[in-house]
Each structure stands twice: as structure tokens, then as C-alpha cells.
Amino acid sequence: MQNRGAIIFLVIAFALVSLYQLSFTLVTNNVKADAKEYAQGDPQKEQNYLDSLANRPVYNLGFKNYTLNECMSSELNLGLDLKGGMNVMLEVSVTDLIRNMADYSTDTTFNRALKQANLDLRDSQDDYVTLFGKAFSKIDPNAKLAAIFSTYELKEKITVNSTNDEVLAVIRAEAQAAIDNSFNILRTRIDRFGVSQPNIQRIGLESSGRILVELPGVKDPARVKKLLQGTANLEFWETYDNNEVYKYLEQANNKLGEIEKIKVALKDTVAVVENNTTAAVADTTKQTDSTELAIIDQLSKDTTNTNNAFEEFSKSNPLFAVLSPAANQQGQLIQGAMVGSALVKDTAKVFWYLRQPQVQEFFPRNLKFYWEVKPFNDTKGNSYYNLVAIKVNNREGLAALSGEAISDARAEFGDNDSRARVSMTMNGEGSKTWARLTRENIGKQIAVVLDNYVYTYPTVQNEIKGGSSEITGNFSIQEAQDLANILKSGKMPAPARIIQEEVVGPTLGQESINAGLGSFIIAFIVVLIYMVFYYNKAGWAANIALLFNVFFIFGVLASIGLTLTLPGIAGIVLTMGMAVDANVLIYERIREELHAGKGLRLAIQDGFNNAYSAIIDGNVTTFLTGVVLFLFGTGPIKGFATTLNIGIITTLFTAIFISRIIFSWWLDGNKSISFSTKFTDNAFKNLKINFLGQRKYAYIFSITLTIISVVSIATRGFNLGVDFTGGRNFVIQFDEPVTTKAVAEAMNVGFGEKPLVVTFGENKVKITSKYRYEENGNEVDADINQKLYTSLKPLIKKDVSIDEFNATYKIKSDVVGPAIADDITAAAITAIIIALFIIFLYIVIRFRNWQYGLGGVISLAHDAIIVLGFYSVFYSIMPFSLEIDQAFIAAILTVIGYSINDTVIIYDRIRENLNLHKRSSKFDNYNHSLNSTLSRTFSTTFTTLIVLVAIFIFGGDVIRGFIFAMLLGIFFGTYSSLYVATPIAYDTLKKFDKEPELAKK
């Protein structure tokens, strides 16, 4: 074997890297096990244990010590369905949207109506806009909304003559469009965030603005909050210089000092102040009242510095006691837009001082203050924020340039250093404004502000043309990527604030996961045993290659930070089948060479060489499918495609190279190698099944099943899961721990179907059900509450009434929208259609006949339609759930991947036989090809089915429907390769072939 040394080096390097990446998962699992043992069932105690180790070294590799946080950031991520994750409820403020539409009107009736609508919303079924309209009319029946909303932006929709109802209709439409836009922006941010298979849904009424986000495997909740809550309001501001602003700050400081002195005088001589100095106080303090003085008094008590000198200083200089002016050690003012710094704990106090009416009169109207986004630490470890002075140069109070001018943003590294930055490209109008702005501010600083925080304020050296700009700062790579993500996703119409966040358990249930994992391991062992039973000693080489393959897959997943989900496992199962298939193809070709009388070394060499074409064709077609699904798919499709493509690459590497290395070692050591046992030596030999002769019966069978499937899909439809339909969420708090399986079975009694149940905190579960989800009204609510109470009462240890249950145990009830929106469904269908077209194109190019491509694509469509039809016909008959959900999509994709691999391998043998046996008829060559690949077809199908059947039987109810779809797909995929794809290719070729057929047997 040529280049064996280089290949061995690659294998060892790949193995070491995988071992290194997976070692973090082992370490974190051990620490978590220790925490669980220490806590003895107390979740808070367990979390405290982990928090105590968060920044302490727990893993020593010799060259570096890793903290627990660092290990957890590198461990293998499991998805929401397998491990759980973060559940976040956001609310897009409809109030802020309406204020924005009204250009933040100060109209008294308008603002009172908004407040009243917020109060009424708590106890009303009406949407916010309706409540606002009612409140507005009630407060002032003669008031006109048109006078408030006839703004520049709405001039085409609202005139001064528009009625209140017409204005409300426009507000409702605009608010709904803004909420939809917020929803799409959030989904784009999350997709770019890098989370595999996230879930985002609308909650309640569409106009409520509530959005549910579920993020599997996240490890940094603070990062998630920042990502979701930021409005992405990017602005470019001119700035004041510190020398200009200091005099204003000094005047403000002196004024606050005067107020402080008056406060002291008031304390010492209350009676005198009350009787003789009221006018003096009013003249000196103007709008300062007793409440403000009390607040200043409280703020002065908050100082943590007990130095008497500082206390005296702070009495005379309240502002400068918490805001250090920007000066050097010699007391000289520093040039630039930064005017001071304050301890993190004092930032709110600084702004409170600066916003006092008594001190604002000293500042120019066009002066604003913003804090920098990140703090800095002094030598003592104290954290400070810098304060930046902003200049407003227009009447509207707007920034010189807004983020709407940004057409693209990307994270990069600096040219002269390794610091991360965000580079931005502007559109045409933005480029012109940016050029003018930089030309007019040469030698001055321009501040880049995002969501009211200054990210950078560089000094302009010269005019910048072309619309290029960048944001620099002390960013990590991840922070720069997140910032670029937010800017590319677009500006939120209104802030989305988090109103609830929870850590949730796995959607599959821990019982199903444990059972599925156990059954998978057992099935995997059976596959290893089968390979040894069928291929004798060669089976051991295949098993070693298969173990390396699985090891490498998980190593790659861990190294690139991908999250493993149920669809991802489907991709791994398909990969295992293809890995076994690659070795089977090689071994079958070696066995053929041995039976032809060749020596062992030559047979192995020729067997590998002759199998390469089929292996590459089968894997490339599946890989191309995975690429298309990854590029165009979302959610479960992307997760499936990722693991599938990783698996294909590792499969080719292990099956071709590792197996070959093992055989080379054995041959060099003069070891005997057997490729069969006495039970399998003649298996599938000399078969002469007339597949093509039976094709008419197969056509009738397939057409019948396809018609039944299509009719059932069109008339009966599917049992769509909540992923597609939406449903109702219930959060139930129990007194003691309960299993999700027990809750699902209990709910099945009352609701007539098992809902989705996940853990949702300590002794809490979230139940998602489709029961009467499309109906509204008091009667529906009463029925649902009664059934919920009846179903779950046996799990509550106390004897409670329905009122007590609703008040104590039912924490929350919401209507949720579908997790899979229409555009995601459309994207999935588009991805599959494009994948089918690319498969067709590849087969046509490789086999030089469009008939082969036609047969392959019809075969794939045949398999998918029949599986869908089976789920349509039998969803109310089978003893387990046949719901169409996100996982089902992955199952259909697995079917397509498996079927095309099987078909292409048969096509490859047909092409070979047509070239070798030119005197034989096409009919005989096709039949011979099908028979000669039957041993490979059996072994690959059998090993794949072994894994699926084990998981189907022992894996639990939750994933049984998903596995059943794969079982159906593998069966029909194998059938269609033999009886659909190949016969169609034969018949269409015969029809367009002008050469006469030779005699057929």
C-alpha cells in the first residue's frame, strides 16, 4: 500500500484531536456526577457546587489547566430533545411600537390611553390595540387619533380626516407587521447564533407580541439575553471634546454642592428653614423639593469609601465624587470625547445627577452622554465605565448616520494585531453621508453607538469614501461575531424584553433517552457480531473501522461546537449504514476475486480498486444531498445534514484507509485472512432471481400504494404535531418529582392523545397539547381545565378541588403558534426538490444516460410518498403515535439518503457488467447486476435494520413514530432500488435505444 506512513500519521493525528476534544465532555460529566452525588437530590445545592468550580482548574493537560467553564464550553453539546436547554419568553412592546408610530407624542389623552390599555390587558381577552382605542375614546370622546398619528411615515395611510376606527386599523396592521418583522429578525439572529435546531414560536394572540425561544445546549445565558434583547439601533454621532464639556460638568458639580449644603442646613435648622428661608431655598434650588433632597441624602449614604476627607469632598462635590473627570496624573484635561469615568456601581447615580433639572440648564441642548459598552479595571481590580460626550447637530435630535445605511457586517481580525473587530459596508446613500461626516470632522472623534452604548469613538484622520467603517474594541471573537450577526439581522422595531426564562429538560424524556441509548448500544454490538459472523476475520477489520468512524464523528461534532439532536442521530444511523456498506462492498468484491482464483494479496488489491467507484458514487450523491439540505434547510434539516456530511467524510476515510492499513499489516505478517465462514461462504451465490421479469407486478404494487398514499394525503391529511399546528402550553407545579412519561400517560386518559411533556424546573413540567387548540371561548376553557384537572389529579398527593388545582398547581396556560413556520416548511420542500435535481444531474453525468437519473429520482419520490401515505392512512389505527413533526422530516431525509445510495451502487454494477459482458443482453446484464449485489444489499439493510428495530422496541413511545418512519423508509428504499429505479432505467433505455436487444433468457 503506497503512502502508508502518511495515512497512519493522519489516522493517529485525527484520533488524538478527537480524543482531546471529547476529553472535555468526560471531565464535565465527571464533575457533574460529583455535583449530583454531593447535592443528594437538591438542585440548588448541585448548582452551587458547579458554580463554586466554574473558574477553578478541573482538568490538567500538562501544558494548560482548564477551568470548569472552559471545559463546558468545549464539551459535546446535546440538543433540547436530548438534554434540554434554555427556554426564554420575550415580549415585543406593542406600547413602544405605538409610541414610535406617533413620533412619541406628548398628548395627554394619548399617553393616558396607553397606560389604561396596559392595565386593562391583564384581565381582558381583547388585543392591545383594541383596548387602546377603547381607552382613548373613553378618556376623551371627541379626541381624534388622526391628529396624533398623521406623521410623515404614515402620511400615505392616515390623513387629518381619517376616523378613529380607520386609524386603529392602520395601527393594528403596522403593529402586526412590526411584530412579524421582530419575529423574523429574532429567528435570523438565532440561526446565525450557531444553535442547532432552535425553536421559536409566537405565543397567545398574534398582536400580543410574545415570542417563545428554546435554545438547546446553550452555555452562556448572559450572551443569549444580549443577543435577543438588543434592538440593533446603530448610530454614528459627532462628539464634544473633553475641554468643552468639563466647564459644564464643573458648573453642575458646584450646583449639586450648593444643594448638598442647603440639605445639611435644612437638617440642622428645620424650624428656621420652614419659617424664614423658604423663599431662599426656592430661589437657590428652583425645582428641588423634599423628595429630591431625600434621594440625594440616600445617595450620599451609599458611598463605600469611609475616608473622612473623601466624605467632606463628596459633600462639596457630589458629581465629581462619583464621576472622575478625564485628566492625567498632573491634573491636565485629556483631549477626546471621553469626559470621565465612574465605578460600575455609581453609573446610575451619575446619570441621576446629570438628569436633574437644576443641572441640565448648564448643559447645551445638543449635548448627550453615553457610557462605553465595556468596563475597564484598575490595578486594584475595580471596574469602571467611561462616559462619552455626544453632539447632536440637527433639530430632530437624530444621529448623523443610522444603522439603516449598513448593508453588510462581518467579524474580522485587525491587520496589525490579533484583536477582533467588526467591519461594515454601507449602501450608496450611507456612503455619501459617511464621506461628508468624516470630511467635516477631520481631527475630531466620531462615536459608534449601538443600543445607547458607545462601542468605539476613533479620531477621523481623513475623509473616508466608499462606505467602509469598522467597530473596534476589546472584543472576543465570539462577541465580534455576535455583533456582526445583530447588525446583519437588522434593527428591531421595538425592544424585545425577556419576561421569563427557564432551564428545561429534554423533550424526549430522560426515560426514552436512557432506553434509546441502551438499545442503540446493544444493536451496535449486534452489528459488530454480525460482521464477524458473516465475514470472519475480515469482519474484525470492518468493526475496527466502524468504531473509529463513530469516534471520529463525535470528535468532529465536539471540535466544531455542533449540537447533537435526534435528527442528528438519524444522520449518524444513516452514516453507520453507509460505513458498513462501504466495507461490505469491498469485501464482496474481494470474495468475487478470490472465487475467480486470484491470490489473497491480489484479490484484496483488486477488490479495493473495483469497489472504489461504487463507494464514491454512493457517498457523493448522498453528500451532495446533505450539502443542499444544509444550505437551504433550517432547524432539524440542518442538524441532519451536518452530521450526515461529517459522517460521509469520516466513512470514506475509515472504510478505505483504516481497513486497508489493517489488511496490509496482516499481509505483511503473513496472517491468514478469511472473508467468510462456513455458513456464509456460499450465501447469495448463483442466484438467478428474475427481477426485471417481475417488474410489471412491482409496477402495479408501487402504483397502487402511491395512488392510495396520494388520495389519503389529499383527503385524510396527516396527524400534524404541535410543531406544525401550534397548540396549548400548560406549566404544572407538582409537590414531588414526577416523570414525563407518567404525566403523558395520565394526560392521554383525559385528552385522548399523549401530549409533549418536558421538565421545566424543579418539580415542574410543561405540557404541550393539540386538544381543542383551534377553539376559543369560556366553554372550551372550562372543558380543558376540567380534563387537565381530572387527568393530573392522581399525580398530586393531596386531595385538591379544581379551584385549588388552578390556583396552586397550574402555573401558566398559553396558546402557542407552530414551531415550523410556513416559510420554513417551504424552505424544506425547496431544499428537497433541489437535492433531487442535483442527484438527477450527478447520475446523468456519471452514467451518461438521463434514464438512470430518472429512475433514481422516481425511486426517491416513490419512497417518500409511500412513507407519507402510510402515516396518513394509519395515524389513528396504529398503537403508537404517527405524528408529523420536526423529527419526521429527518426520517424522510434518511430514507432519501439511504435509497439513493442503494440505487447508485446497483447502477454502478450495471455499468460495469455492460462494459464487461457486451455480448449479453441488457436484460441479462441488469438481472445479473441485481443478483450479484444482493449479498451487499442484504448485509447493509440487515445491519441498519438491527439498530432501528432495537431502538423501536426498547426506545420508548416518544421516538417510536420517528424510528418507525425510518424502518418503513429502509424497507421501501431497498425495495425501490431493486424493483423501481432499475426497471424504470431499463424500460426507458430500451424505449430510446435503437440497437436491437440480444436474446433474453
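In every chain, residue numbers begin from 1 and rise along the written sequence. Totals for whole chains, interfaces and linings use all residues, but because this is a predicted model, local features are given only for residues with pLDDT of at least 70 and pairs of side-chain atoms are given and counted only at 80 or more. Hydrogens and water molecules were not included; the side-chain quantities draw on all heavy atoms of the structure.

Here we look at the overall build of the chain
As a reminder, the rule being used: In DSSP terms, a helix is any run of H or I states spanning at least four residues, a strand is any run of E spanning at least two, and both are numbered starting from the N terminus. Summary of the burial criterion: residues with accessible area below 20% of their type's maximum are buried, those above 50% are exposed, and those between are partly exposed, where the area comes from a 1.4 Å probe applied to protein chains only. Note on definitions: a residue-residue contact is assigned when non-hydrogen atoms from the two residues lie within 4.5 Å. Here, Shrake-Rupley sampling with a 1.4 Å probe gives the accessible areas, and only protein chains in the shown set may cover a residue.
Each helix and strand counted, the chain has 35 helices and 24 strands in total. Taken over 1001 residues, the chain has a buried fraction of 52%. For the chain, contacts bridging at least 24 residues in sequence account for 74% of all contacts bridging at least 6. Roughly 46,700 Å² of accessible area belongs to the chain as shown, and the carbon and sulfur atoms make up 55% of that amount.

Points about a nonpolar patch on the surface
We count it as follows: Like charges are joined within 9 Å and nonpolar side chains (Val, Leu, Ile, Met, Phe, Trp, Tyr) within 5 Å, but only among residues with over 30% relative accessible area and no salt bridge; these make up the patches. By definition, a salt bridge exists where a carboxyl oxygen of Asp or Glu is found within 4 Å of a side-chain nitrogen of Lys or Arg.
A cluster of nonpolar residues, Leu517, Ile521, Ile525 and Ile529, forms a patch on the protein surface that exposes about 380 Å² of accessible area. Relative to the elements of secondary structure, Ile525 occurs in helix 20 (residues 510-535).

A closer look at the packing of aromatic side chains
Put simply, the rule is: Aromatic contacts are taken between Phe, Tyr and Trp rings whose centres are within 6.5 Å, Trp giving its six-membered ring; a plane angle under 30 degrees counts as stacked, one over 60 as edge-to-face, and the others as tilted.
Throughout the structure, instances matching the rule amount to 48 aromatic pairs. Look at Tyr587 and Phe663: their rings are 5.8 Å apart centre to centre, the planes differ by 70 degrees, and that puts the pair in the edge-to-face class. Here Phe663 lies in helix 24 (residues 636-668) and Tyr587 lies in helix 22 (residues 566-595), a separation of 76 residues in the sequence. In this pair, the class of Tyr587 matches that of Phe663, namely buried. A ring pair is formed by Phe972 and Tyr975, whose centres lie 6.5 Å apart and whose planes are at 90 degrees; its orientation type is edge-to-face.

Here we look at the environment of Ala985
Locating Ala985 in the fold gives a position in helix 35 (residues 960-992). Take Ala985: its relative accessible area is 0%, and that puts it in the buried class. Expressed as a C-alpha distance, the spacing of Ala985 and Tyr852, which sit 133 residues apart in the sequence, is 5.0 Å.

Thoughts on the packing of helix 25 (residues 695-715) against helix 31 (residues 850-874)
Our working definition: Axes here refer to lines fitted to C-alpha atoms; in helices the fit is confined to the stretch in contact. Angles between the N-to-C directions go from 0 to 180 degrees. Our angle categories are set so that under 35 degrees counts as roughly parallel, over 145 as roughly antiparallel, 65 to 115 as roughly perpendicular, and the remainder as oblique. Take the far helix as your reference; a near helix turned counterclockwise from it by less than a right angle gives a left-handed crossing, and one turned clockwise gives a right-handed crossing. Each residue gets one of three labels, nonpolar for Ala, Val, Leu, Ile, Met, Phe, Trp, Tyr, Cys and Pro, charged for Asp, Glu, Lys and Arg, and polar for the others, Gly among them.
Contact pair helix 25 / helix 31: the axes reach a minimum separation of 8 Å and the direction vectors enclose 50 degrees. Relative to helix 31, the element helix 25 is oriented oblique. Read as a crossing pair, helix 25 and helix 31 show a hand that is left-handed. Mapping the contact onto sequence places Ser702, Leu705, Thr706, Ile708, Ser709, Val710, Ser712 and Ile713 in helix 25 and His862, Ile865, Ile866, Leu868, Gly869, Ser872 and Val873 in helix 31. For the contact of helix 25 with helix 31, the residue count by class is eight nonpolar, seven polar and no charged.

So, the nonpolar core
As a reminder of what qualifies: Each nonpolar core is a collection of buried residues, namely Ala, Val, Leu, Ile, Met, Phe, Trp, Tyr and Cys, held together in the definition by side-chain atoms within 4.5 Å.
Judged by nonpolar contacts, the single largest core of 100 residues is most densely connected at Tyr587, Phe663 and Tyr852. For this core, the element with the highest residue contribution is helix 35, accounting for 18 residues. When neighbours within four sequence positions are excluded, Tyr852 is seen to be in contact with Ile843, Phe847, Tyr907, Ile910, Leu914, Tyr926, Ala985 and Leu989. Ala113, Val129, Phe136 and Val224 belong to the second-largest nonpolar core, a separate cluster that totals 44 residues.

Observations regarding the confidence of the model for the chain
Going by this rule: Summary of the metric used: pLDDT quantifies the predictor's per-residue confidence within the range 0 to 100.
On average, the chain scores 78 in pLDDT, and the residues at 70 or more come to 81%. The least confident element of the chain is helix 12 (residues 278-285), whose mean pLDDT is 38; the most confident is helix 25, at 94. Contacts of residues 270-306 to residues separated by more than four positions or lying in other chains number 43 contacts, the stretch itself having pLDDT below 50. Segment residues 994-1001: pLDDT under 50, and 16 contacts once partners within four positions in sequence are set aside and those in other chains are kept.

Considering the packing of helix 28 (residues 778-792) against helix 29 (residues 802-809)
Put simply, helix 28 and helix 29 touch, their axes get as near as 10 Å, and they point 90 degrees apart. It follows that helix 28 is roughly perpendicular to helix 29 by the angle criterion. Every residue of helix 29 that contacts helix 28 at Asn785, Gln786, Leu788, Tyr789 and Leu792 is listed here: Ile802, Phe805 and Asn806.

Some details on helix 1 (residues 4-39)
Where we set the bar: Expected span of a helix, by definition, is 1.5 Å for each gap between consecutive residues, and there is one gap fewer than residues. To get the bend at a residue, fit one axis to the 7 residues ending there and another to the 7 starting there, then take the angle between the axes.
Helix length check: helix 1 (36 residues) gives 52 Å between terminal C-alpha atoms against 52 Å at 1.5 Å per residue, within 8%. Approximately 25 degrees is the largest bend angle found in helix 1, and it occurs at Leu22. Two residues or fewer past helix 1, Gln40 is found with a positive phi of approximately 55 degrees.

Structural notes on the pairing of strand 21 (residues 727-733)
Note on strand geometry: in a regular strand, side chains alternate between the two faces of the sheet. In plain terms, the rule: Two strands are counted as paired when DSSP detects at least two bridges linking them.
Of all the seven residues making up strand 21, six are buried; the element is thus mostly covered by neighbouring parts of the structure. Bridge count between strand 21 and strand 23 (residues 764-769): six bridges; the pairing is antiparallel. Counted as the bridge partner of Gln733 is Lys764 from strand 23.

Section: empty space enclosed by the protein
Here is the rule we go by: Within this scheme a cavity is a closed region of a 1 Å grid, computed over the protein atoms alone, that accommodates a 1.4 Å probe without allowing it to escape, whereas a pocket is open but has protein on both sides within 12 Å along at least five of seven lines; lining residues each have an atom within 4 Å of a point. Grid points are joined across faces, edges and corners, and a volume is the space filled by probe spheres set on the points.
As enumerated under the stated definition, the model contains nine cavities of 30 Å³ or more in all. The space that makes up the second largest cavity amounts to roughly 60 Å³. Lining the second largest cavity, in full, are Leu585, Arg589, Asn610, Ala611, Ala614, Ile905, Asp908, Arg909 and Thr933. Contributing elements (two or more residues each) for the lining of the second largest cavity: helix 22, helix 23 (600-632) and helix 32 (886-916). Looking at side-chain class alone, the lining of the second largest cavity contains four nonpolar, two polar and three charged residues.

Observations concerning the pattern of salt bridges
Summed over the entire model, instances satisfying the criterion amount to 19 salt bridges. Its salt-bridge partner being Lys255, residue Glu258 comes within 3.9 Å of it at the nearest N-O pair. Of this pair, Glu258 and Lys255 are both found in helix 10 (residues 242-268), three residues apart, which corresponds to roughly one turn of the helix. By relative accessible area, which is 38% here, Glu258 ends up partly exposed. Judged by relative accessible area, which is 12%, Lys255 ranks as buried. The shortest N-O distance in the salt bridge between Arg436 and Glu440 comes to 3.2 Å. One end of the pair is Arg436 and the other is Glu440, both in helix 18 (residues 428-440) and four residues apart, which spans about a single turn.

Focus on unusual backbone geometry
The phi angle at Asn670 is positive, at roughly 55 degrees, despite the residue not being glycine. Looking at the element boundaries, Asn670 is found in the loop between helix 24 and helix 25.

Points about the side chain of Thr239
To keep things clear, this is the line we draw: Counting of polar contacts relies on pairs of N or O atoms within 3.5 Å, with two restrictions inside protein: one atom must be capable of donating a hydrogen and the other of accepting it, and residues adjacent in sequence are counted only when both atoms are side-chain atoms.
Note on placement: Thr239 falls in strand 7 (residues 234-239). A polar contact is formed between the side chain of Thr239 and the backbone oxygen of Gln445, at a distance of 2.7 Å. Look past the residues within four positions of Thr239 in its chain and what remains in contact with it is Ala337, Ala389, Ile390, Lys391, Gln445, Ile446 and Ala447.

Remarks on the pairing of strand 10 (residues 367-372)
Across the six residues of strand 10, five count as buried, placing the element largely inside the fold. Both strand 10 and strand 12 (residues 383-391) contribute to a ladder of five bridges, which runs antiparallel. Across the sheet, the residue bridging to Phe369 is Ala389, located in strand 12.

Here's the deal with the environment of Glu736
Note on placement: Glu736 falls in the loop between strand 21 and helix 27 (740-751). Taking the relative accessible area as the measure of exposure, Glu736 reaches 43% and is therefore partly exposed. On a C-alpha basis, the gap between Glu736 and Asn763 in space is 5.9 Å, while along the polypeptide they are 27 residues apart.

Side note on helix 5 (residues 108-120)
The terminal C-alpha atoms of helix 5, which comprises 13 residues, lie 18 Å apart, in line with the 18 Å expected from a rise of 1.5 Å per residue. Among all positions in helix 5, only Thr109, Phe110, Asn111, Ala113, Leu114 and Ala117 are buried. The opening residue of helix 5 is Asp107, an N-cap whose side-chain oxygen sits 3.1 Å from the backbone nitrogen of Thr109.

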